[in-house]
Amino acid sequence: MPTAGSRLVVVSNRLPFVLSRKRVGAWNVQPGSGGLVNALLPVLRNRGGLWVGWTGAIDGKSAELERALEGLTKDAGYRLKPIELTAEERDKFYHGFSNEVIWPLFHDLQTNCNFDPEYWRVYQQVNRKFADALRDSIEPGDFVWVHDYHLMEVARELRRSGKRCRLGFFLHIPFPSLDIFLKLPWRRAILEGLLEFDLLGFQTLRDRRNFLQCARALMKGTSVRGKGQVLELQLEEPGGMAAPSLQVPRDLRIGAFPISIDYNSYAELAASEGVAERARYFRDSLRKRHIILGVDRLDYTKGIPNRLAAFRNALQRFPELRQKVTLVQQVVPSREDIPQYHNLRLEIEHLVSEINGEFTEPGWVPIHYIFRSLKPNELLAYYRAAHIALVTPLKDGMNLVCKEYCAANVDEDGVLILSEFAGAAAQLQKGALLVNPHDVEAIADSIYQAVTMTPEDKRARMRRLRRTIRDTDIFWWVDSYLRAAIEKDLSHFPLAEEPTLDMESILTQ
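Residues numbered from 1 in each chain as written. Predicted model: local features only at pLDDT ≥ 70, side-chain atom pairs only at ≥ 80, totals over all residues. Heavy atoms only, no water.

A. Spatial organisation of the confidence of the model for the protein. Residue-level pLDDT values for the protein average 89, and 89% of them are 70 or greater. Scored below 50 in pLDDT, residues 238-242 shows 9 contacts in the model against residues more than four places distant or in partner chains. (pLDDT = per-residue confidence, 0-100. Contact = heavy atoms within 4.5 Å.)

B. Spotlight on the packing of aromatic side chains. Using the criterion set out here, one finds 27 aromatic pairs in the structure. An angle of 45° between the planes, with centres 5.4 Å apart, marks the rings of Phe 97 and Trp 120 as tilted. Here Phe 97 is found in helix H3 (residues 87-106), whereas its partner Trp 120 is found in helix H4 (residues 117-135), with 23 residues between them in sequence. The class for Phe 97 is buried, based on a relative accessible area of 0%. (Phe/Tyr/Trp six-rings, centres within 6.5 Å; stacked < 30°, edge-to-face > 60°. Helix = DSSP H or I, 4+ residues; strand = E, 2+ residues; numbered from the N terminus. Buried < 20%, exposed > 50% of the residue type's maximum accessible area, 1.4 Å probe, protein only.)

C. Structural context of the nonpolar core. Counting residues in hydrophobic clusters, the biggest one holds 99 residues, and the most contacted among them are Phe 211 and Ile 447. Per-element tally for this core: the top contributor is H4, with 9 residues. Residues within four places of Phe 211 in sequence aside, it is in contact with Phe 175, Leu 191, Leu 194, Leu 195, Leu 200, Phe 202 and Ile 254. Formed by 75 residues, the second largest nonpolar core is a distinct cluster that contains Ile 259, Leu 380, Ile 469 and Leu 482. (Core = buried A, V, L, I, M, F, W, Y, C linked by side-chain atoms within 4.5 Å.)

D. Examining the pairing of strand S10 (residues 230-234) more closely. With 4 of its 5 residues buried, S10 lies for the most part within the structure. Across 3 bridges, strand S9 (residues 223-225) lies against S10 in antiparallel orientation. Residue Ser 223 lies in a different strand from S10, and its bridge partner there is Gln 234. As consecutive antiparallel partners, S9 and S10 are separated by 4 residues, and within that stretch Gly 226 has a phi angle of approximately 105°, a positive value. (Pairing = 2+ DSSP bridges.)

E. Layout of the sheet that holds strand S17 (residues 433-435). Taken together, 6 strands build an open sheet; the order of strands is S14-S13-S12-S15-S16-S17 and the sheet is parallel. Two strands close off the open sheet at either side, each with one partner strand: strand S14 (367-371) and S17. Each neighbouring strand pair of the sheet contributes to a mean axis angle of 20°, computed without reference to strand direction. (Axes fitted to C-alpha atoms, helices over the stretch in contact; angles between N-to-C directions.)

F. Main features of the sheet that holds S10. Spatially, the 9 strands line up as an open sheet ordered S5-S4-S1-S6-S7-S8-S11-S10-S9, and their pairing is mixed. Either end of the sheet is taken by a strand with one partner, and the two such strands are strand S5 (79-83) and S9. Averaged over all neighbouring strand pairs, the angle between strand axes comes to 20°, with direction disregarded. Taken strand by strand, helix H8 (residues 205-218) contacts strand S8 (199-202), S9, S10 and strand S11 (252-256), and its axis lies near 145° from that of S11.

G. Region of interest: the environment of Ile 348. Looking at the element boundaries, Ile 348 is found in helix H12 (residues 339-359). On the basis of relative accessible area, Ile 348 is assigned to the buried category, the value being 0%. Spatially, the C-alpha atom of Ile 348 lies 10.0 Å from that of Arg 307, the residues being 41 residues apart in sequence. Look past the residues within four positions of Ile 348 in its chain and what remains in contact with it is Leu 298, Ile 304, Pro 305, Leu 308 and Tyr 369.

H. Quick look at the environment of Arg 297. With respect to the helices and strands, Arg 297 occurs in strand S12 (residues 290-297). For Arg 297 and Ser 373, which are 76 residues apart along the polypeptide, the C-alpha to C-alpha distance reads 9.1 Å. Here Arg 297 is in contact with Trp 103, Lys 302, Ile 304, Val 331, Val 332, Ser 334 and Arg 335, once residues within four sequence places are set aside. A distance of 3.4 Å separates polar atoms of two side chains, one belonging to Arg 297 and the other to Ser 334. (Polar contact = N/O pair within 3.5 Å; in protein donor to acceptor, adjacent residues only side chain to side chain.)

I. Local environment of the packing of helix H7 (residues 187-194) against H8. Across the interface, H7 lies against H8 with an axial gap of 11 Å and an inter-helix angle of 115°. Compared by their axis directions, H7 and H8 come out roughly perpendicular. Taken as a pair, H7 and H8 cross one another with a handedness that is left-handed. Every residue of H8 that contacts H7 at Arg 187, Arg 188, Leu 191 and Leu 194 is listed here: Phe 211, Cys 214, Ala 215 and Leu 218. (Parallel < 35°, antiparallel > 145°, perpendicular 65-115°, else oblique. Left-handed = near helix turned anticlockwise from the far one by under 90°.)

J. Expanded view of the packing of helix H11 (residues 304-317) against helix H16 (residues 440-452). Between H11 and H16, the shortest axis-to-axis distance is 8 Å and the interhelical angle comes to 60°. By the angle class used here, H11 and H16 are oblique. Crossing geometry of H11 relative to H16 is assigned as right-handed. Facing Asn 306, Ala 309, Ala 310, Phe 311, Asn 313, Ala 314 and Arg 317 of H11, the residues of H16 in contact are Val 440, Glu 441, Ile 443, Ala 444, Asp 445 and Ile 447.

Given below as structure tokens:
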């Protein structure tokens, strides 16, 4: 495992910078954004680390891309190593296997999968390319931290090359139950690839439990040691029931590490006068009605049509909500060149039009629809202005929108309505109103409950939510994962206070 002074090597599908071609031989470089980038770059700087990933470009040579990135990190204390992908690799590895096989399957939407064998071949090819880049870059003592479903085969490819190093993996999306995972034609190969890591991190205890169930079913002879946030999985030596291709010289650690946001940064920016003034403008322009906010990327896992149907149901069943509430639904454009996503956009816009046509009255339009990305301060202002956040994905590894909303709710007058199937539900169940995203009447009831909730109840719930997110922020996440790789005694990782959903209370609501 890594020691306190060892170098950290981060591996992800994308680098924390985005490159686009300006002209032949010249590149435009833009910094990436997001909690993962903000949390990991300081760790890399402190350890003279390395970040390996694709630039997003498909027509650049590695040496040319490295020169373009050199200036960014000359004095930063870390290095970037770009991976070059061809157009075929982008289409079959990224758009294909990653987003037409693993993404829908791991979100329990297997009917959306396209199990093209060519996708699997190219997925292995690209993972091998990442492993080759690592083999030439890592040094003795490095800890390599691989991120997400695009790169589940990197450890096995690196082990096959004979390179010995400590390898960790974190899955940002859910891990499916056994009956879903068995539908994957390459299920055993994927599982064997994951078992080559030294530390596997999942978002929730449910995801960890699903993985262990699959390991026990497909890899006979496995046993589990420990009790708490981090466990040890013991594998049989080659020659037993384990696959002969699997290297098993060690125990594998498996933990649940719910990812989060930079709470202090969100809270401080939301409290700034500029954001506060913009939030007041939003409330005033909507005539001080209750603002219900939805913020989502265009994706079928987000449950946007179900949410719109629930809002319509609330207006039908609770006429007193008319003229009193406004739904602001932002959708971030994503993969519109894929027919499924284009059709989803058309479905959403058709529903918005239908609902507005049915309920609009003079001076009141029920839904304000935004199909574009918002600038950070504009989004924060919407978070602060919103009386209710409606976060109802069909399935999500974590979902950080709900955490961003709570951190930005500095007036503590908001209500979070959250899907039971978001990973964040386990942490936030004591303050949020949990709903089944498929139950439009239950969501409608929760909207009515949130609108009529007393200020005292809102404040108590929001304070509980904000305290939880503050105490387990993105820096806590990085620290807990890396400590799980270092610590010899797993008793240092007891279960969190509220690690799993209280299903009994949900079912009796």
